[in-house]
Amino acid sequence: GDTKRRAKTLIGKWVPGFMVTLGCALAMVDPTRHVLLDHGGVFFQERTLAMYKDDGDLSTIGKFSQMSTWIGLSILFCGMLLFLDIPYKLFSIRI
């Protein structure tokens, strides 16, 4: 019925996959930084990849990694909810 019709729309078909892909990419920023740092920085100086500054505060890359992880996981979660059609299922429940 209605679910099949909605699934054929552009948004219903492509947005959840795009959100999951984008969420995974953002969530992988910090693990990638860790791998690069563990191997001597590879293309970067190690101090530019450090999570913390000398005074103990988060560095710029530390803040960026932290925010990209949170945003990425949020987008990933929302994309999975859309893919599984959870919002429609929740709001179509008759009490």
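Owing to the predicted nature of the structure, the values given are computational and were not obtained by experimental measurement.

Conventions and cut-offs
Residues numbered from 1 in each chain as written. Predicted model: local features only at pLDDT ≥ 70, side-chain atom pairs only at ≥ 80, totals over all residues. Heavy atoms only, no water. Helix = DSSP H or I, 4+ residues; strand = E, 2+ residues; numbered from the N terminus. Buried < 20%, exposed > 50% of the residue type's maximum accessible area, 1.4 Å probe, protein only. Contact = heavy atoms within 4.5 Å. Areas by Shrake-Rupley, 256 points an atom, 1.4 Å probe, with all protein chains shown as cover. pLDDT = per-residue confidence, 0-100. Polar contact = N/O pair within 3.5 Å; in protein donor to acceptor, adjacent residues only side chain to side chain. Axes fitted to C-alpha atoms, helices over the stretch in contact; angles between N-to-C directions. Parallel < 35°, antiparallel > 145°, perpendicular 65-115°, else oblique. Left-handed = near helix turned anticlockwise from the far one by under 90°. Nonpolar A, V, L, I, M, F, W, Y, C, P; charged D, E, K, R; others polar. Expected span 1.5 Å × (residues − 1).

Asks: Before we go on, may I ask you to explain the overall build of the protein in this structure?
Replies: When you go through the protein residue by residue, the secondary structure sums to 6 helices and 0 strands. Walking the protein from its N terminus toward its C terminus, one meets helices and strands in the order α-α-α-α-α-α. Within the protein, the proportion of its 95 residues that are buried is 19%. Of the contacts formed within the protein by residues at least 6 apart in sequence, a portion of 58% connects residues at least 24 apart. Entry remark: accessible area of the protein is about 7500 Å², with carbon and sulfur atoms responsible for 70%.

Asks: It is not clear to me how the confidence of the model for the protein should be interpreted in this structure. Could you clarify?
Replies: Low-pLDDT stretches of the model should not have their predicted coordinates read in fine detail. In this model, the protein carries an average pLDDT of 87, and 89% of its residues clear a pLDDT of 70 or more. Per-element confidence in the protein is highest for helix α5 (residues 60-83), whose mean pLDDT is 95, and lowest for helix α1 (residues 2-7), whose mean pLDDT is 54.

Asks: Help me out: how do you make sense of the side chain of Asp 30 in this one?
Replies: Positionally, Asp 30 belongs in helix α3 (residues 29-38). A polar contact is formed between the side chain of Asp 30 and the side chain of Arg 33, at a distance of 3.0 Å. Each residue touching Asp 30, except ones within four places of it in the same chain, is listed here: Met 51, Ser 65 and Thr 69.

Asks: How should the packing of helix α2 (residues 10-27) against α5 be read in this particular structure?
Replies: The packing of two helices is summarised by the inter-axis angle and the distance between the axes. Closest axis-to-axis distance for the α2/α5 pair is 7 Å, and the angle between their directions is 155°. One finds that α2 runs roughly antiparallel with respect to α5. Crossing of α2 against α5: the hand is left-handed. Here Val 15, Pro 16, Met 19, Val 20, Leu 22, Gly 23, Cys 24, Leu 26 and Ala 27 of α2 come into contact with α5, specifically with Ser 68, Thr 69, Ile 71, Gly 72, Leu 73, Ile 75, Leu 76, Cys 78, Gly 79, Met 80, Leu 82 and Phe 83. Here the residues of the contact of α2 with α5 are counted per class, giving 16 nonpolar, 5 polar and no charged.

Asks: Quick question: what am I supposed to make of unusual backbone geometry here?
Replies: Trans is the prevailing form of peptide bonds, just as negative phi is the prevailing case for residues other than glycine. Positive phi is not limited to glycine here, since Asp 85 has a value of about 65°. Tracing the backbone through its elements, the reader meets Asp 85 in the loop between α5 and α6 (86-91). For Asp 85, a relative accessible area of 14% gives the class buried.

Asks: Whenever I open this one, α5 confuses me. Can you help?
Replies: Along an α-helix, residues three or four apart share an orientation, since each turn contains 3.6 residues. Between its terminal C-alpha atoms α5 stretches 34 Å, which fits the 34 Å expected from 24 residues at 1.5 Å a residue. Taken together, the buried positions of α5 are Gly 62, Ser 65, Ser 68, Gly 72, Leu 76 and Gly 79. Among the residues trailing α5, Asp 85 stands out with phi positive, at a value near 65°.

Asks: Whenever I open this one, the environment of Val 20 confuses me. Can you help?
Replies: Structurally, Val 20 can be placed in helix α2. Between the C-alpha atoms of Val 20 and Leu 76, which are 56 residues apart in sequence, the distance is 4.6 Å. Residues contacting Val 20, with those up to four places away along its chain left out, are Leu 76, Gly 79 and Met 80.

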